[in-house]
Amino acid sequence: MAIVTRGFRGRRTETDAPLPPGQYLTRDFPVLSAGPTPQIDTSTWELTLSVETGTARQWSWAEFLALPQEDVTRDIHCVTKWSKLGTTWAGVSVDTLLDGVQTSAPYAIVGCYGGYTTNLPVADLTGGKAWVVHRYDGAELESVHGGPARLLVPHLYFWKSAKWLRSIQLITQPDLGFWESLGYHEYGDPWREQRYAGD
């Protein structure tokens, strides 16, 4: 009879890098969405950043691509328990989008084409922690993975890295996004296993 120690998760594959609790490694890139995949034409795509005073900035696709670009390599962790290590992206830091913006708002609601929303603290979008990305693994970001542009907040569960990004609204009072209003954790730290409200 085999003896299995409590907490045994099987052998690690391909890496000795630590994983958040409850996660397993995947080689592929699973596609999970709350609804159908929108097809967004970059000729009409627009990104809006607004602050608590009502002041807003907008970028067309061409204007967005003209902003300083960064290459980013990060691990990502989905609340459905898969992790993918060393993913490579290219895009614009949220710090760049906020450069020169006057705000003291501590919260943000991120809006997407298709109606999806998620909430984040502004502190988790700034300080080199978040990007609006439009390339993955050396190619244009596919629509099933959030193209033409998605948010990337790799230190939180991947539902916070909203696909098909349309807007970032900075607000003074906390609010809940789509999954958060249905019982997911308001913050979503994979290292603390904050999957659901109360975790």
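To start, this report covers the structure provided alongside it. Being a predicted model, the structure only gives us computed values, none of them experimental. (Residues numbered from 1 in each chain as written. Predicted model: local features only at pLDDT ≥ 70, side-chain atom pairs only at ≥ 80, totals over all residues. Heavy atoms only, no water.)

### Focus: the overall build of the protein
Logical step 1: A count of helices and strands for the protein gives three helices and 11 strands.
Logical step 2: The linear arrangement of helices and strands in the protein, starting from the amino end, is β-β-β-α-β-β-α-β-β-β-β-β-β-α.
Logical step 3: Taken against the 2.2 N^0.38 rule, which gives 16 Å for 199 residues, the C-alpha radius of gyration of the protein at 17 Å falls within 12% of a compact globule.
Logical step 4: The burial tally for the protein puts 45% of its 199 residues in the buried class.
Logical step 5: Partitioning the intrachain contacts of the protein with sequence separation of at least 6 by distance along the chain shows that 66% fall at a separation of at least 24.
Logical step 6: For the protein, the exposed surface amounts to about 10,600 Å²; the carbon and sulfur share of it is 50%.
Logical step 7: Positive and negative side-chain charges of the protein, numbering 17 and 22 respectively, have mean locations separated by a distance of 9 Å. (Helix = DSSP H or I, 4+ residues; strand = E, 2+ residues; numbered from the N terminus. Rg over C-alpha atoms; globule rule 2.2 N^0.38 Å. Buried < 20%, exposed > 50% of the residue type's maximum accessible area, 1.4 Å probe, protein only. Contact = heavy atoms within 4.5 Å. Areas by Shrake-Rupley, 256 points an atom, 1.4 Å probe, with all protein chains shown as cover. Lys, Arg positive; Asp, Glu negative; His and termini not counted. Charge placed at Lys NZ, Arg CZ, Asp CG, Glu CD.)

### Observations regarding the pairing of strand E4 (residues 70-77)
Logical step 1: Of the strand pairs in this sheet, E4 and strand E5 (residues 82-93) are connected by seven bridges, and their pairing is antiparallel. Along E5, the bridge assignment pairs Arg 74 with Thr 87.
Logical step 2: Taken together, E4 and the strand that follows it, E5, pair antiparallel across an intervening segment of four residues, in which Lys 81 is found at a positive phi of about 95°. (Pairing = 2+ DSSP bridges.)

### Quick notes on unusual backbone geometry
Logical step 1: Going from Gly 147 to Pro 148, the amide bond is cis rather than trans, its omega being 15°.
Logical step 2: Relative to the helices and strands, Pro 148 resides in the loop between strand E9 (139-140) and strand E10 (150-152).
Logical step 3: Positioned with a positive phi, Lys 81 is a non-glycine residue whose angle comes to about 95°.
Logical step 4: Of note, Lys 81 is situated in the loop between E4 and E5.

### A short note on the packing of aromatic side chains
Logical step 1: Taken as a whole and judged by the stated rule, the model has 16 aromatic pairs.
Logical step 2: Where Trp 82 meets Phe 158, the ring centres are 6.2 Å apart and the plane angle is 70°; that geometry is what we call edge-to-face. Here Trp 82 is found in strand E5, whereas its partner Phe 158 is found in the loop between E10 and strand E11 (165-171), with 76 residues between them in sequence. Residue Trp 82 shares its accessibility class with Phe 158, and that shared class is buried.
Logical step 3: An aromatic cluster is built from Tyr 116, Tyr 157, Trp 159, Phe 178, Trp 179, Tyr 184 and Tyr 196, whose rings are joined through pairwise contacts. (Phe/Tyr/Trp six-rings, centres within 6.5 Å; stacked < 30°, edge-to-face > 60°.)

### Here's the deal with the pairing of strand E6 (residues 107-112)
Logical step 1: The element E6 is extensively covered by neighbouring structure, given that five of its six residues are classed as buried.
Logical step 2: Where E6 lies against strand E7 (residues 117-121), five bridges are found, and the strand directions are antiparallel. Looking across to E7, one finds that Ala 108 is bridged to Leu 120.
Logical step 3: Two successive antiparallel strands, E6 and E7, enclose a turn made up of four residues, where Gly 114 displays a positive phi of approximately 100°.

### What to know about the sheet that holds strand E2 (residues 46-50)
Logical step 1: In spatial order, the strands read E3-E2-E11-E6-E7; together these five strands make up an open sheet with mixed pairing. For this open sheet the edge positions go to strand E3 (56-60) and E7, each flanked by a neighbour on one side alone. Each neighbouring strand pair of the sheet contributes to a mean axis angle of 15°, computed without reference to strand direction. (Axes fitted to C-alpha atoms, helices over the stretch in contact; angles between N-to-C directions.)

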